[in-house]
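# A look at the structure
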Amino acid sequence: MPKRVDHEERRDQIAEALIRVAGRRGLHAVGMRDVAAEAGVSLRLVQYYFETKEKLLFYGLQHLTDRFTARVAARLRAAGTDPGPRATIEALLLASLPTDEEGRTFHLLYTSYSILSVTDEALAAQPFIDKPDAAENALTGLLEQAQASGLADSGIAARTEAISLLAMTATMGTGILVGQRGPESALAVLRHHLDRIFLTAEAPERSADIG
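First, a word on scope: everything that follows refers to the structure included in this document.

Calculation notes
- Every residue gets a number counted from 1 within its own chain, in the order that chain's sequence is written.
- This being a predicted model, a pLDDT of at least 70 is required before a residue's local features are given, and a value of 80 or more before pairs of side-chain atoms are given or counted; all residues contribute to the totals for chains, interfaces and linings.
- Side-chain figures throughout are based on the complete set of non-hydrogen atoms in the structure, without hydrogens or water.
- Secondary structure elements follow DSSP: runs of H or I of four or more residues count as helices, runs of E of two or more count as strands, with numbering from the N terminus.
- To sort residues, take the accessible area from a 1.4 Å probe on protein chains only and compare it with the maximum for the residue type: under 20% means buried, over 50% means exposed, and anything in between is partly exposed.
- Throughout, a contact is declared for two residues whenever any of their heavy atoms are within 4.5 Å.
- Note on areas: Shrake-Rupley with a 1.4 Å probe; residue coverage comes only from the protein chains shown.
- What is meant by a nonpolar core is a set of buried Ala, Val, Leu, Ile, Met, Phe, Trp, Tyr and Cys residues, joined one to another through side-chain atoms within 4.5 Å.
- Whenever Lys or Arg places a side-chain nitrogen within 4 Å of a carboxyl oxygen from Asp or Glu, that contact is recorded as a salt bridge.
- A pair of Phe, Tyr and Trp rings is counted when the ring centres sit within 6.5 Å of each other, with Trp represented by its six-membered ring. The angle between the planes then sorts it: under 30 degrees is stacked, over 60 is edge-to-face, the rest tilted.
- Here a polar contact means two N or O atoms within 3.5 Å. Within protein one must be a hydrogen donor candidate and the other an acceptor candidate, and residues neighboring in sequence count only if both atoms are side-chain atoms.

It is worth spelling out the overall build of the protein at this point. Helices and strands together make up the secondary structure of the protein, namely 10 helices and zero strands. Along the protein, helices and strands appear, N-terminal first, in the series α-α-α-α-α-α-α-α-α-α. Looking at the protein as a whole, 42% of its 211 residues are labelled buried. Taking as baseline every contact in the protein between residues at least 6 positions apart, the subset at least 24 positions apart corresponds to 67%. Looking at the protein as shown, the accessible area adds up to about 11,300 Å², and 54% of this sits on carbon and sulfur atoms.

Given below as structure tokens:
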């Protein structure tokens, strides 16, 4: 009896190959033939599942986003059962920094997708992620929760601070990627801004581990 093909598993296999080869060579330099070779399948099979490079790139972005969501969840679990808003924010932001191979790949490819979508009409026509404001909304909610609990400065504009923290973390991530600064320097800057927002030293010691 022939083995039944799990099409979703096959798509994920190809998406993982895309992420691996793009992490080594850069997203702009990756073709469908490269992905097929990395995945150990035929070019025809990659074309069967994705038809065009743009469709492959879009699926790869969704797969990358799923991996990042799992990375954030793991950091939140490590922060404990009730870490509080500051530790939760720190876990969310540190997950996006390229302090290990997974973080490096995510930051490099996510940035590459952003740049490609500016000039690639087919990619730009796709929603970049399902909920583009999800991180901003999550951080805003956590800051408002901290304000309501007396843990954060009541005079701050929660959404503006959330936008600033996300933009700062993205910029520092690029700085780490190109060797401008080290992870410890980025962590110090992040904590400096969190100290300005929060009124208590809530952050647990375990968040010192940025790897």
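What follows continues from the structure just given.
If you look at the biggest cluster of nonpolar residues, it comprises 53 residues, and the most contacted ones within it are I89 and L165. The residues touching L165, leaving out its near neighbours within four places in the chain, are I89, L93, L139, L190, H193, L194 and I197.

With that settled, the discussion passes to the environment of V21. Examined against the element boundaries, V21 turns out to sit in helix α1 (residues 7-25). Discounting residues that sit within four places of it in the chain, V21 has contacts with G26, V30, D34, V35 and E38.

Next up on the list: the pattern of salt bridges. This structure, assessed with the given rule, holds 14 salt bridges. Across the salt bridge formed by K55 and E51, the nearest N and O atoms sit 2.6 Å from each other. By relative accessible area, K55 is classed as partly exposed at 43%. A network of salt bridges, in which partner residues are shared, links R86, E90, R191 and D195.

Let us now look at the packing of aromatic side chains. Taken as a whole, this structure holds four aromatic pairs when the rule is applied. Relative to Y49, the ring of Y48 lies with its centre 5.0 Å away and its plane at 75 degrees, an arrangement referred to as edge-to-face. With a centroid separation of 5.2 Å and 25 degrees between ring planes, the pair formed by F106 and Y110 is classed as stacked. Taken together, the positions of F106 and Y110, both in helix α6 (residues 101-119) and four residues apart, correspond to about one turn of that helix. By relative accessible area, which is 11% here, F106 ends up buried. In this structure an aromatic cluster arises from ring pairing among F68, F106 and Y110.

Bringing the environment of D12 into the picture now. If you trace the backbone, D12 turns up in helix α1. Setting aside chain neighbours within four positions, we find D12 in contact with Y59 and H63. Separated by 2.8 Å, the side chains of D12 and Y59 make a polar contact.

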